[in-house]
Amino acid sequence: MGNPVLDAVLWAGGFSDDATALSGGRIEDIAGALEIHRVAGRFLVRMAENPTIPVSDGLLDAVRRSHAHHAGAAARVETDAAWVEKGLRGHPAWDGRPVLLLKGNSAAHLLGAAGFPRLTSDLDLLTPDPVRYGRIFEDLGYHRLANSACHEEATFSSPDRSPLDLHGYFPVWRYPRGDYQAANGAGGLVMADWVSTRKLEYGTILAGSVTHPASEAGTLRIPDVTTATFLLCAHVFKDYVEMPFVQPIAKVRLAELCEIRDLAHHPDFDAGRFAALVRDHEAQDILAFARHVLSGLDALPAALAGAGRSADRDSFPQEAGFGLLVDVGTEVADMLVRRDTLGSAPEGIGTTRVEVGATPATFSVRADGKEGSVPALWSTPPAHPEEVFAVECGVSEADGEILFTFHSSRGLGVYLDEIAVCLGNELLHTARDVHEAGFRVFPYASATASAWHVDASGWRVTLRVPAETVRRHRTADGHIPALICCTRFVEMPASDWDAFYRRCISSVLIPVRLSPATPATPATPATPATPATPATPAPQGSTQG
């Protein structure tokens, strides 16, 4: 496909026999991609099977070092799973029911010799009574953390054990059934509907499970071949849809696609039971996505192709921010090794041209379109229609830095406020959480200097970025496309994703095009940024499937 990193990753996963990229790509890029996609183990096995393939000097050693480090963490998870089972069985509050270890290396156990242990660092446990079991885990020495995802009842840490996520169910996401955007009558778009969730419950997974190989008493179990395939399809779909911002590679991990492919080829894969899981959980979107991606890689197993009805669709929207669902037109190759996260997100919203110079170029977004509001996409929770996100923005350049400023008069939310600026395939990010725990820190975000000032007038945020960081994303026409996303929690995170989008989150997405400022005479004040003339805003379509 003309991309050495992508070609190397596909070869490692067994999706290609073309190994020429292994002797021509940058070692750090290929080794890093293999680690992120969690296929370093598969790469090393394929190299052992094909020892005469030319490889760049140092690549094998770099992959071996990375894999050895992560394989140790994965082995620790397996050991800790057995330790947790033993602790449960010895606790007086245990009710005798098994715990289920989700994801992790379940597929490797099920595939036996054909399996490839991959990076995993925490225990995802599904229990029949999360409150009871959470207390037991605390008695075993785990510490309950302040933050967790909607489908996680709680998250725990321990200085001596792998982190533990306690689940009450496994989420099965689905797209809205109709148009998910609408024109707001003021030159912008508003979200009209969001993704929703069906719940894969403990009893269903338990009925389709087998004993974990490390279990001494049969009370630690993992999903069987068919259930594991369904879980992986659901997880890949959620990972793809859920707020990608910018990833160093992409949101869809090749290791999970390898496992879906291999499990669907397994003799124990039951296409009829898989189709029933899809039907019972209204999971036609996740099946359509799995088929779409594997077909794009020429690797769709016949058993999965015939395992029930999927949604009839050729587009797969993603969240450009919390609750901001847009059709970015991502190709399958870009899902694996991303070239440009912006895709077609600005289309249909309208892009504002911002002249960047010594004098700040200012612009604002308000859902009523007043006071010079520029085109944007809003996600406002129906439970709090008054919480439409309004923000004033400024961009300027001085002393080799680009300075972004943001002001919101509503002040900090109840849980987390954050700002992200996406430049091509690079992320500038800053966040403020009420716990001051830093749990929204992206390790791959570019270096910035940010400051939050909070007073009676709301919050003001400054984000300083080296000018070269911004300029390297200049396109042939001299402009720099960017997406600005601002988010506030107006309620604490809900216990399920349906309520999360409809009650908790207020967000806005602003497409801009940064341009060198036109020199102005000293007597002429800088002109505020003005919107480019967009096409008439219209819903970005329907996700009816």
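Quantities reported herein were computed from a predicted structural model and do not represent experimental measurements. (Residues numbered from 1 in each chain as written. Predicted model: local features only at pLDDT ≥ 70, side-chain atom pairs only at ≥ 80, totals over all residues. Heavy atoms only, no water.)

Participant: Help me get a handle on the overall build of the chain, residues and values and all.
Facilitator: Looking only at helices and strands, the chain features 15 helices and 25 strands. Computed over the C-alpha atoms, the radius of gyration of the chain is 24 Å, within 12% of the 24 Å expected from 2.2 N^0.38 for a compact globule of 545 residues. By principal-axis analysis of the C-alpha atoms, the chain measures approximately 80 × 55 × 45 Å. For the chain, the proportion of its 545 residues judged to be buried stands at 56%. Taking the intrachain contacts of the chain between residues at least 6 apart in sequence as the baseline, contacts between residues at least 24 apart amount to 71%. A total accessible area of about 21,500 Å² is found for the chain, and carbon and sulfur atoms account for 51% of it. When the 47 basic and 66 acidic side-chain charges of the chain are each reduced to a single mean position, those positions are 2 Å apart. (Helix = DSSP H or I, 4+ residues; strand = E, 2+ residues; numbered from the N terminus. Rg over C-alpha atoms; globule rule 2.2 N^0.38 Å. Buried < 20%, exposed > 50% of the residue type's maximum accessible area, 1.4 Å probe, protein only. Contact = heavy atoms within 4.5 Å. Areas by Shrake-Rupley, 256 points an atom, 1.4 Å probe, with all protein chains shown as cover. Lys, Arg positive; Asp, Glu negative; His and termini not counted. Charge placed at Lys NZ, Arg CZ, Asp CG, Glu CD.)

Participant: Can you tell me about the sheet that holds strand S21 (residues 449-455), naming the residues and giving the values?
Facilitator: An order of S15-S17-S18-S22-S21 is seen for the 5 strands of this open sheet, with the pairing classed as antiparallel. The sheet is open, and its two borders are formed by strand S15 (361-365) and S21, each paired with just one other strand. Taken pair by pair, the neighbouring strands of this sheet meet at an average axis angle of 15°, ignoring direction. Across 7 bridges, strand S17 (residues 391-398) lies against strand S18 (residues 401-408) in antiparallel orientation. Along S18, the bridge assignment pairs Gly 394 with Thr 405. (Pairing = 2+ DSSP bridges. Axes fitted to C-alpha atoms, helices over the stretch in contact; angles between N-to-C directions.)

Participant: Quick rundown of the packing of aromatic side chains? Include the residues and the values.
Facilitator: Evaluation of the coordinates by the stated rule reveals 21 aromatic pairs. Look at Phe 137 and Phe 156: their rings are 6.1 Å apart centre to centre, the planes differ by 75°, and that puts the pair in the edge-to-face class. In this pair, Phe 137 sits in helix H6 (residues 130-139) while Phe 156 sits in strand S4 (residues 152-157), placing the two residues 19 residues apart along the sequence. Across this residue pair, the class does not change: Phe 137 and Phe 156 are buried. Where Trp 173 meets Trp 497, the ring centres are 5.2 Å apart and the plane angle is 75°; that geometry is what we call edge-to-face. Of this pair, Trp 173 sits in strand S6 (residues 170-174) while Trp 497 sits in helix H15 (residues 497-504); the two residues are 324 residues apart in sequence, bridging distant segments of the chain. Judged by its relative accessible area of 0%, Trp 173 is buried. Here a set of aromatic residues connected by ring pairs shows up, and it is made of Trp 173, Phe 322, Tyr 415, Phe 489, Trp 497, Phe 500 and Tyr 501. In this structure, Lys 199 is placed above the aromatic ring of Tyr 169, and the distance from its NZ or CZ to the ring centre is 4.7 Å. (Phe/Tyr/Trp six-rings, centres within 6.5 Å; stacked < 30°, edge-to-face > 60°. Lys NZ or Arg CZ within 6 Å of the ring centre and 35° of its normal.)

Participant: Can you break down the pairing of S18 residue by residue, with the values?
Facilitator: For S18, a buried count of 6 out of 8 residues is recorded, marking the element as mostly surrounded by other parts of the structure. Relative to strand S22 (residues 458-466), S18 is paired through 8 bridges, and the arrangement is antiparallel. Its bridge partner lying in S22, Leu 403 is registered against Arg 464.

Participant: Would you mind going over the nonpolar core in detail, with residue names and values included?
Facilitator: Among the nonpolar cores identified, the biggest contains 138 residues, and Phe 43, Phe 137, Leu 254, Leu 257 and Leu 297 are the most heavily contacted of them. Not counting chain neighbours up to four residues away, the residues in contact with Leu 297 comprise Leu 10, Phe 15, Leu 254, Leu 257, Val 332 and Leu 336. Val 374, Val 391, Val 465 and Cys 486 belong to the second largest nonpolar core, which has 34 residues in total. (Core = buried A, V, L, I, M, F, W, Y, C linked by side-chain atoms within 4.5 Å.)

Participant: Provide a residue-level description of the packing of helix H8 (residues 225-241) against helix H10 (residues 271-280), including the pertinent values.
Facilitator: Two numbers describe how H8 lies on H10: the axes approach to 9 Å, and their chain directions differ by 40°. Considering their axes alone, H8 and H10 lie oblique with respect to each other. The hand of the H8/H10 crossing is right-handed. When H8 is examined against H10, the residues Thr 226, Thr 227, Thr 229, Phe 230 and Cys 233 are found in contact with a partner set consisting of Arg 273, Phe 274, Leu 277 and Val 278. (Parallel < 35°, antiparallel > 145°, perpendicular 65-115°, else oblique. Left-handed = near helix turned anticlockwise from the far one by under 90°.)

Participant: Break down helix H3 (residues 40-49) for me, with residues and values.
Facilitator: Most of H3 is tucked away: 7 of the 10 residues are buried. Restricting attention to buried positions, one finds in H3 the residues Ala 40, Gly 41, Arg 42, Phe 43, Leu 44, Arg 46 and Met 47.

Participant: Could you give an account of the confidence of the model for the chain, with specific residues and numbers?
Facilitator: When pLDDT is averaged along the chain, the result is 87, and 92% of the positions lie at 70 or above. Mean pLDDT across the secondary structure elements of the chain bottoms out at strand S25 (residues 530-531), with 48, and peaks at helix H7 (residues 202-207), with 97. The model gives residues 520-527 a pLDDT under 50, and that stretch makes 1 contact with residues more than four places away or in other chains. This stretch, residues 530-542, has a pLDDT under 50; its non-local contacts, to residues over four places away or in other chains, come to 38 contacts. (pLDDT = per-residue confidence, 0-100.)

Participant: Kindly report on H10, identifying the contributing residues and their values.
Facilitator: Along H10, the residues that are buried comprise Phe 274, Ala 275, Ala 276, Leu 277 and Val 278. Where H10 begins, the capping side chain belongs to Asp 270, and its oxygen is found 3.0 Å from the backbone nitrogen of Gly 272. Two residues or fewer after H10 comes Glu 282, characterised by a positive phi angle close to 45°. (Polar contact = N/O pair within 3.5 Å; in protein donor to acceptor, adjacent residues only side chain to side chain.)

Participant: Can you tell me about the environment of Asp 312, naming the residues and giving the values?
Facilitator: Within the secondary structure, Asp 312 sits in the loop between helix H12 (302-305) and strand S12 (318-319). Spatially, the C-alpha atoms of Asp 312 and Ala 288 are 7.2 Å apart, while their sequence positions differ by 24 residues.

Participant: Tell me about the sheet that holds strand S1 (residues 99-101), residues and numbers included.
Facilitator: Taken in spatial order, the 7 strands of this open sheet run S3-S4-S5-S2-S1-S11-S10, and their pairing is mixed. Each of the sheet's edge strands pairs with one partner strand only, and the pair in question is strand S3 (143-144) and strand S10 (209-211). Both S10 and strand S11 (residues 220-223) contribute to a ladder of 3 bridges, which runs antiparallel. Across the sheet, Ser 209 pairs through a bridge with Pro 223, a residue of S11. With respect to the sheet, helix H4 (residues 59-89) is in contact with S1, strand S2 (123-126), strand S5 (164-167) and S11, its orientation differing from that of S2 by roughly 35°.

Participant: Which residues make up the environment of Val 421, and what values go with them?
Facilitator: Tracing the sequence through the fold places Val 421 in strand S19 (residues 416-423). Note on Val 421: relative accessible area 0%, which makes it buried. Considering only alpha carbons, one finds Val 421 and Leu 463, 42 residues apart in sequence, at a separation of 9.7 Å. Other than its neighbours up to four places away in sequence, Val 421 contacts Phe 404, Phe 406, Glu 426, Leu 427, Leu 428, Leu 463, Ala 482, Leu 483 and Ile 484.

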